[in-house]
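# Observations on the model geometry
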Amino acid sequence: QERLVESGGGSVLPGGSLTLSCVVSEVSFNPYTWAWYHQAPGKQRELVAAIQSSGNINYKESVEGRFTISRDDSKNTLYLQMKSLKSEDTGVYYCNRRPVMARWGQGTRVTVSS
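Please read these numbers as outputs of a predicted model, since none were measured by experiment. (Residues numbered from 1 in each chain as written. Predicted model: local features only at pLDDT ≥ 70, side-chain atom pairs only at ≥ 80, totals over all residues. Heavy atoms only, no water.)

## Observations concerning the environment of V48
Basically, it comes down to this: The helix and strand labels rest on DSSP assignments: H or I over at least four residues marks a helix, E over at least two residues marks a strand, and numbering proceeds from the N terminus. Here, residues are in contact when the closest pair of their heavy atoms is within 4.5 Å.
By the element assignment, V48 lies in strand β5 (residues 46-51). Separated by 21 residues in sequence, V48 and I69 place their C-alpha atoms 9.4 Å apart. In this view, V48 contacts W36, Y37, H38, N58, Y59, K60, V63, F67 and Y93; residues no more than four positions away in its chain are not counted.

Rendered as structure tokens:
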């Protein structure tokens, strides 16, 4: 099985909402920071949000107030609640840990268009 499995993506209209999940296996979930990354079409992967084991959270400015990152340590699962989605949010979303990264998963694709 894959170590990082992202899911929850889909196609939505602008202003819509999605919740992404990242199920982690075979790698340590705690006490690491976990993060979501966004790769827009034709662009490099970029960190969107990160959450430490302590619960401290950081967001990319452009998603502040729209996205919420959370983690369930009992399930080794990371979440990203996305609302008020914009066309620029389109792309593939990946999860990974910091600073010691695991092998990248397949990601989950989000398409925001009218």
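Next, the rest of the story.
## A word on the packing of aromatic side chains
Here is the rule we go by: When two rings of Phe, Tyr or Trp (its six-membered ring) have centres within 6.5 Å they constitute a pair, described as stacked for plane angles under 30 degrees, edge-to-face for angles over 60, and tilted for the intermediate range. Buried means the residue's accessible area, taken with a 1.4 Å probe over protein chains only, is under 20% of the maximum for its type, while exposed means over 50%, and partly exposed covers the values in between. Look at NZ for Lys and CZ for Arg. If either is within 6 Å of the ring centre and within 35 degrees of the ring normal, a charge sits over the ring.
Scanning all chains against the criterion turns up three aromatic pairs. Consider the rings of F29 and W34, whose centres lie 5.2 Å apart with planes at 20°: the pair is stacked. Judged by its relative accessible area of 3%, F29 falls in the buried class. Here the aromatic rings of Y94 and W104 are separated by 6.0 Å at their centres, their planes lie at 80°, and the arrangement is edge-to-face. With Y94 in strand β9 (residues 91-98) and W104 in the loop between β9 and β10 (108-112), this residue pair connects regions lying ten residues apart in the sequence. With relative accessibility at 11%, the residue Y94 sits in the buried group. The structure contains a cluster of three or more aromatic residues connected by ring pairs, namely Y37, Y94 and W104. Across from the ring centre of Y32, 4.3 Å away, lies the NZ or CZ of R97, which sits over that ring.

## Some remarks on the pairing of β10
Test applied: One bridge is not enough; two strands pair if DSSP finds at least two bridges between them.
The alternating pattern of β10 places T108, V110 and V112 on a buried face and R109 and T111 on a face that is not buried. Pairing between β9 and β10: three bridges, direction antiparallel. By the bridge assignment for β10, V92 is matched with R109.

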